[in-house]
Amino acid sequence: NAGVTQTPKFQVLKTGQSMTLQCAQDMNHNSMYWYRQDPGMGLRLIYYSASEGTTDKGEVPNGYNVSRLNKREFSLRLESAAPSQTSVYFCASSEWSGGYQETQYFGPGTRLLVL
Amino acid sequence: GIQVEQSPPDLILQEGANSTLRCNFSDSVNNLQWFHQNPWGQLINLFYIPSGTKQNGRLSATTVATERYSLLYISSSQTTDSGVYFCAAGSRLTFGEGTQLTVNP
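Model, not experiment: these values are computed from the prediction.

K.L.:
So what exactly am I meant to see when it comes to the environment of Asn 38 of chain B here?
P.N.:
Residues and elements named next belong to chain B. Position of Asn 38 relative to the elements: it lies in the loop between β4 (32–37) and β5 (43–48). Sequence spacing of Asn 38 and Asp 81 is 43 residues, and the spatial spacing of their C-alpha atoms is 8.0 Å. Only 3.0 Å separates the side chain of Asn 38 from the backbone nitrogen of Gln 42, close enough to count as a polar contact.

K.L.:
Would you mind going over the side chain of Ser 77 of chain B with me for this structure?
P.N.:
All names here are of chain B. As for its placement among the helices and strands, Ser 77 is situated in the loop between β8 (69–74) and β9 (83–89). On the basis of relative accessible area, Ser 77 is assigned to the buried category, the value being 1%. In this structure the side chain of Ser 77 is engaged in a polar contact, spanning 3.4 Å, whose partner is the backbone oxygen of Gln 14. When near neighbours in sequence (up to four residues on either side) are disregarded, Ser 77 contacts Leu 13, Gln 14, Glu 15, Gly 16, Ala 17, Arg 58 and Val 103.

K.L.:
Looking at this model, I keep getting lost on the pairing of β4 of chain B. Mind explaining?
P.N.:
Across a regular strand the side chains alternate sides, sitting on one face of the sheet and then on the other. All names here are of chain B. The buried count for β4 comes to six of six residues, which makes it a mostly enclosed element. Of the pairings in the sheet, the one linking β4 to β9 comprises six bridges and is antiparallel in character. Directly across from Trp 34, in β9, lies its bridge partner Cys 87. Direction of pairing for β4 relative to β5: antiparallel, over a ladder of five bridges. From the neighbouring strand, Gln 37 faces β5, where its bridge partner is Leu 43. The turn joining β4 and β5, which pair antiparallel and follow one another in sequence, is formed by five residues; a positive phi near 95 degrees is taken by Gly 41.

K.L.:
Help me out: how do you make sense of the interface of chain A and chain B in this one?
P.N.:
A common way to report how large an interface is uses the accessible area buried once the components associate. On the side of chain B, 18 residues touch chain A, which itself brings 21 residues to the contact. Both faces considered, chain A and chain B share a buried interface measuring about 1500 Å² in area, 54% of it formed by carbon and sulfur atoms. In terms of surface lost to chain B, no three residues of chain A exceed Leu 43, Gln 101 and Phe 106 of chain A, which account for 29% of the buried area on that side. One can count six residue pairs in polar contact (both at pLDDT 80 or more) joining chain A with chain B. Secondary structure elements with two or more residues in the side of chain A that touches chain B: β4 (31–37), β5 (43–49) and β11 (100–101) of chain A. Take the side of chain A that touches chain B: its biggest share by element is three residues, from β5 of chain A. Its residues assigned to classes, the side of chain A that touches chain B shows ten nonpolar, eight polar and three charged.

K.L.:
Whenever I open this one, the layout of surface pockets confuses me. Can you help?
P.N.:
Here the idea is plain: a probe the size of a water molecule rolls over the atoms and shows the empty space left. There is about 520 Å³ of room inside the largest pocket. Gln 37 and Arg 111 of chain A together with Gln 37, Asn 38 and Gly 41 of chain B are the residues nearest the centre of the largest pocket, which is lined by 28 residues in total. Only β9 (87–94) and β13 (110–114) of chain A together with β9 and β11 (99–104) of chain B provide two or more residues apiece to the lining of the largest pocket. With three residues, β9 of chain B is the largest single contributor of residues to the lining of the largest pocket.

K.L.:
Help me understand unusual backbone geometry in this model?
P.N.:
Geometrically, the link from Thr 7 of chain A to Pro 8 of chain A is a cis peptide bond, its omega value of -5 degrees lying close to zero. You can see Pro 8 of chain A is positioned in the loop between β1 (4–7) and β2 (10–13). Between Ser 7 of chain B and the following residue, Pro 8 of chain B, the backbone shows a cis peptide bond with an omega angle of -10 degrees. Within the element layout of this structure, Pro 8 of chain B appears in the loop between β1 (4–7) and β2 (10–14). With a phi angle near 60 degrees, Asn 28 of chain A is a residue other than glycine that sits in the positive phi range. Here Asn 28 of chain A lies in the loop between β3 (19–25) and β4. Since its relative accessible area comes to 53%, Asn 28 of chain A is described here as exposed.

What counts and what doesn't
- Residues numbered from 1 in each chain as written.
- Chains lettered and ligands numbered in written order.
- Predicted model: local features only at pLDDT ≥ 70, side-chain atom pairs only at ≥ 80, totals over all residues.
- Heavy atoms only, no water.
- Helix = DSSP H or I, 4+ residues; strand = E, 2+ residues; numbered from the N terminus.
- Polar contact = N/O pair within 3.5 Å; in protein donor to acceptor, adjacent residues only side chain to side chain.
- Buried < 20%, exposed > 50% of the residue type's maximum accessible area, 1.4 Å probe, protein only.
- Contact = heavy atoms within 4.5 Å.
- Pairing = 2+ DSSP bridges.
- Buried area = accessible area lost by both parts, 1.4 Å probe.
- Nonpolar A, V, L, I, M, F, W, Y, C, P; charged D, E, K, R; others polar.
- 1 Å grid on protein atoms, 1.4 Å probe; cavity = no way out; pocket = protein on both sides within 12 Å on 5 of 7 lines; lining within 4 Å.
- Points joined across faces, edges and corners; volume = space filled by probe spheres on them.

Right, dumping it as structure tokens:
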């Protein structure tokens, strides 16, 4: 199993450009998440998808959109990139059991630089 | 939302030493996880521990849910233990700011 995979690994954008970060998981998890990590800080939740067909805002959703394409794939889109979106982006997935989230697994991250 | 605080923010150890990392959270939770971020940025889940005690090799964790804290114990530390340790709590996993651990040979 590859676990959680993300593409691309690195990306440089100019202010105003758009791009989509891709994430896929092969663990048959229902829930998927997008986080950003800024230097010296913990992770902050951007959006999550509790199950296929649903998406919800997290702590810092402004400037982003998401699509839960199917059970395996969850993409994050920046419509008009800004320097404040320079960060490392992590995708994660988990299962839910008995109403509680179980262990969360992370992808390797995408390093994004917006000039 | 829930607040998560970790201490200490930084910790430097000699190889072979033991350490305890602490995580306080502001509200009762049914989800508490510990992660290790290695120097290459990869996040690895160490424990899913909403309550009780678990052990995995040289690492163990205890969560006292009624008192809203969790502890991560590292025994006989090795240089490969270096990195940032994160605690995350709550239904949508709010992360603390982490403890930066450096283990010197």
